[in-house]
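Descriptive analysis of the structure
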Amino acid sequence: MAGKVFFSVSMSLDGFIAPESLGELMGRQWRELQAWILPQRFFRENLNLGEGGEEGRDNDIVRETFERTGASVMGKRMFDAGERMWPEEAPFHTPVFVVTHEKRDPWERPGGTTFHFVNDGIESALDQAREAAGDRDVRIAGGGATILEYVNAGLVDEFSIALSPVLFGSGVRLFEGVDAGRVALEPVRAEPSPRATHLTYAVRER
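An account of the accompanying structure is given in this report. (Residues numbered from 1 in each chain as written. Predicted model: local features only at pLDDT ≥ 70, side-chain atom pairs only at ≥ 80, totals over all residues. Heavy atoms only, no water.)

Turning next to the overall build of the protein. For the protein, the count of helices and strands is six helices and 11 strands. Relative to the globule expectation of 17 Å for 206 residues, the C-alpha radius of gyration of the protein, 16 Å, shows essentially globular dimensions. Seen along its three principal axes, the alpha-carbon backbone of the protein occupies a region of about 45 × 40 × 35 Å. Across the 206 residues in the protein, those meeting the buried criterion constitute 47%. Nonlocal contacts in the protein, meaning residues at least 24 apart in sequence, comprise 63% of its contacts between residues at least 6 apart. Approximately 10500 Å² of the protein is accessible, and the part contributed by carbon and sulfur atoms is 50%. Both charge centroids of the protein, one from 23 positive and one from 33 negative side chains, sit 3 Å from each other. (Helix = DSSP H or I, 4+ residues; strand = E, 2+ residues; numbered from the N terminus. Rg over C-alpha atoms; globule rule 2.2 N^0.38 Å. Buried < 20%, exposed > 50% of the residue type's maximum accessible area, 1.4 Å probe, protein only. Contact = heavy atoms within 4.5 Å. Areas by Shrake-Rupley, 256 points an atom, 1.4 Å probe, with all protein chains shown as cover. Lys, Arg positive; Asp, Glu negative; His and termini not counted. Charge placed at Lys NZ, Arg CZ, Asp CG, Glu CD.)

What follows is the structure in C-alpha cells.
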C-alpha cells in the first residue's frame, strides 16, 4: 500500500515558516525558528556537523520524520537556496523531485540523494515521488508556496508543525492563500517539548 503524503515544518507563533528574502536564511530569526532542531543529535549527524548533540523527544521526532520519508518533493525556490547551503552529501538520502520549469538532467549527490527536475506540474512530481518511495511516505519538503499548492490540490494527507516560541512579523506565511472552503483539519497529536510544541493534523476535504 502506498504511503502518506505529508509535510513537516517549523513555524513561528505568528504563522511564518521562512524569511521573505533568501538572503536572510541562516540569519538570526531563522536560527531562532530552528532552535529546537539545530542541537539534535540525529540532525547533526545527518548534516555531518560533528558528533554529540541532544537526545530526547525532539531528536526522536527528527529521526522518525527522516525514517518515514521514501522520497521528497520541493519547489525550485527551496532547491536554489539548498543548492548553495547543503553539504556535498545532501541530507535527504532519497530521491528528490524538484517542481520547476527548468530542464536539467538528474543531479546525483553522494549518500543516496538524487535530484530529479520535473517540468510538467505538481501531480507529475508527486506521482514520480510515490513510485520512488514505494511503501514509505512522500514528504513535501517546501517551500511555502509549493506546500500550499499541494494542500489546495487536495494532495496532502497530514502535516506536522513544530511551533517555535519566536515571532517573525513578516516573511513566508504557511497558509497564506489556503483554500479554507475545501480544506478541513483533524487533530492527531500535540506534544510539548522544552524547545517547541509539535502539532500533527490529518487533512480532510471539507
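Right, let's get into the sheet that holds strand 1 (residues 5–12). The strands making up a sheet associate through hydrogen bonds between their backbones, and the pairing can be parallel or antiparallel. Spatially, 5-6-4-3-7-1-8-11-10 is the arrangement adopted by the nine strands of the open sheet, whose pairing is mixed. Two strands bound the open sheet, and with one partner strand each, they are strand 5 (107–108) and strand 10 (183–192). By the bridge criterion, seven bridges tie strand 1 to strand 8 (residues 158–164) in an arrangement that is parallel. Directly across from Ser12, in strand 8, lies its bridge partner Ser164. Along the sheet, helix 4 (residues 76–85) contacts strand 3 (69–75), strand 4 (95–99), strand 5, strand 6 (114–118) and strand 7 (137–142); its crossing angle with strand 3, the most-contacted strand, is approximately 100°. The strands touched by helix 6 (residues 144–152) are strand 1, strand 3, strand 4, strand 7 and strand 10; relative to strand 7, the strand with the most contacts, the crossing angle is about 135°. (Pairing = 2+ DSSP bridges. Axes fitted to C-alpha atoms, helices over the stretch in contact; angles between N-to-C directions.)

Take the side chain of Thr114 next. One can find Thr114 in strand 6. Classification of Thr114 by relative accessible area gives buried; the value is 18%. Beyond its immediate stretch of four places on either side in the chain, Thr114 contacts Thr94, Pro95, Val96, Pro106, Trp107 and Glu108.

So, about the pattern of salt bridges. Within this structure, the stated rule accounts for 17 salt bridges. Close ionic contact of Glu54 with Arg195 constitutes a salt bridge, the shortest N to O distance being 2.5 Å. Placement of the pair is Glu54 in the loop between helix 2 (41–46) and helix 3 (57–68) and Arg195 in the loop between strand 10 and strand 11 (197–205), with a sequence separation of 141 residues. Where Arg204 meets Glu186, a salt bridge forms, and the shortest distance between an N and an O atom there is 3.4 Å. Within this pair, whereas Arg204 is found in strand 11, its partner Glu186 is found in strand 10, the two being separated by 18 residues in sequence. Among the residues examined, Arg204 registers a relative accessible area of 42% and is labelled partly exposed. With a relative accessible area of 38%, Glu186 lands in the partly exposed category. Through salt bridges that share partners, Lys4, Arg68, Asp137 and Glu158 make up one connected network. (Salt bridge = Lys/Arg side-chain N within 4 Å of Asp/Glu carboxyl O.)

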